[in-house]
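# Examining the three-dimensional arrangement
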Amino acid sequence: MDRIKHIVPTDKEAGKRAALKWNSIAKPLHSLGMLEDDIIKLAEIFGSENFSLDKRCAVVMCADNGVVCEGVTQTDSSVTAIVAKAMAEGTSNINLMAKSCGADVFTVDVGIKGKVSADGLISRKIADGTENIVKGPAMSRSQAEKALQVGMDIAGELKQKGYKLIVTGEMGIGNTTTSSAAASVLLRLSPEEVTGRGAGLDDEGLLRKINAIKKSIEINKPDPCDAVDIISKVGGYDIGGMAGLFLGGAVYHIPIVIDGFISAVSAALAAMICPLAKEYMLCSHVSREPAGIKMLRYLGFEPPINAGLCLGEGTGGVLLLPMLDASMAVYDSSHSFDNLSIEKYKEL
């Protein structure tokens, strides 16, 4: 956690140079909207207006949640291990989508229940899932800090391997319950206002989920001003691991892409620990979960993609990559006012 002390603001001068470069390209000013803003932000992160996104990946944090025993999900915890194995072996949804977007996938066991044997699975297991948050804290404060460290470590390792951008992803049955509990605390809204049906709950199941979240907050009393306390009291190892990725991005100057609702909760927790971490985040899409847009606006982001997605795994996050690639094709082109002898547009 000492590494957080070394986080510094991004390079705003590089961003200004990137903005000037955009304004030299033969098109109406700011006509690529949020995508221009993203390229400028990337320049600030990299400290140069000239950069490449040629090597990128998704990191999927996988963990189980004890609250599943409260009947808050349609499937049981065994699905976490099955899907994590498929992701590690390259056959899950995120693998197929990431491949089409030119990204690698790294699958991390940060807290899956039981042993998962799969080639490619990165084992950083802290425990066999969390405790039931309806009965007490999800984990100890020390375990929450370990989850954050896992994420930061992985960000550093990927930086050493030459990765330029990381998309956050998660897999863990029950994690829309834990993330909704964290969102309720962060946003200071009732569980009813932030809780959705997750992977598919009927009305009775949704009511059980809301009541479980209410009980977890009443019993554990997470401190709304202490991110580590929130993770340890009502969170999950996947949430802690992703929050660590966001912090690691700020430490190692790697842009980290927010995926959906659970990822946005993790981003908000990271920003609570270090507000400067937001300068290293990119927003991809808005989740269909009720608090999806609320969490993004809490962070100060507007999503460039609104497609009703709620699959998780980083699948929405990787869809930002072809949009960035297309923007970079224009940004790096010689299609400039000077080369075409066209009068430049002026700010009015």
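The following paragraphs examine the structure supplied in this document. (Residues numbered from 1 in each chain as written. Predicted model: local features only at pLDDT ≥ 70, side-chain atom pairs only at ≥ 80, totals over all residues. Heavy atoms only, no water.)

As a further point, take the pattern of salt bridges. Following the criterion strictly, the structure yields 20 salt bridges and no others. The partner of Arg-124 in a salt bridge is Glu-157, and the shortest N-O contact between them spans 3.1 Å. A residue pair is termed long-range when its members are at least 10 positions apart, and Arg-124 in the loop between β3 (121–123) and α5 (141–160) and Glu-157 in helix α5 qualify at 33 residues. With relative accessibility at 26%, the residue Arg-124 sits in the partly exposed group. (Salt bridge = Lys/Arg side-chain N within 4 Å of Asp/Glu carboxyl O. Helix = DSSP H or I, 4+ residues; strand = E, 2+ residues; numbered from the N terminus. Buried < 20%, exposed > 50% of the residue type's maximum accessible area, 1.4 Å probe, protein only.)

For the coordinates displayed, the defined rule picks out four aromatic pairs. Residues Trp-22 and Tyr-331 carry aromatic rings whose centres are separated by 5.1 Å and whose planes lie at 55° to one another, so their mutual orientation is tilted. Placement of the pair is Trp-22 in helix α1 (residues 12–24) and Tyr-331 in helix α14 (residues 320–331), with a sequence separation of 309 residues. An identical accessibility class is assigned to Trp-22 and Tyr-331; each is buried. Here the aromatic rings of Phe-46 and Phe-51 are separated by 5.2 Å at their centres, their planes lie at 35°, and the arrangement is tilted. Phe-46 sits in the partly exposed class, given a relative accessible area of 26%. Classification of Phe-51 by relative accessible area gives buried; the value is 12%. One aromatic cluster in this structure is built from Trp-22, Phe-46, Phe-51 and Tyr-331. For Lys-21, the ring lying beneath its charged end belongs to Tyr-331, and the centroid distance is 4.2 Å. Geometry around Tyr-163 places Lys-55 over its ring, the cationic atom sitting 4.7 Å from the centre. (Phe/Tyr/Trp six-rings, centres within 6.5 Å; stacked < 30°, edge-to-face > 60°. Lys NZ or Arg CZ within 6 Å of the ring centre and 35° of its normal.)

Relative to the helices and strands, His-30 resides in the loop between α1 and α2 (33–46). Using a relative accessible area of 45% as the deciding quantity, one classes His-30 as partly exposed. Contacts of His-30, omitting those with residues within four sequence positions, involve Asn-23, Glu-36 and Glu-347. A distance of 2.7 Å separates polar atoms of two side chains, one belonging to His-30 and the other to Glu-347. (Contact = heavy atoms within 4.5 Å. Polar contact = N/O pair within 3.5 Å; in protein donor to acceptor, adjacent residues only side chain to side chain.)

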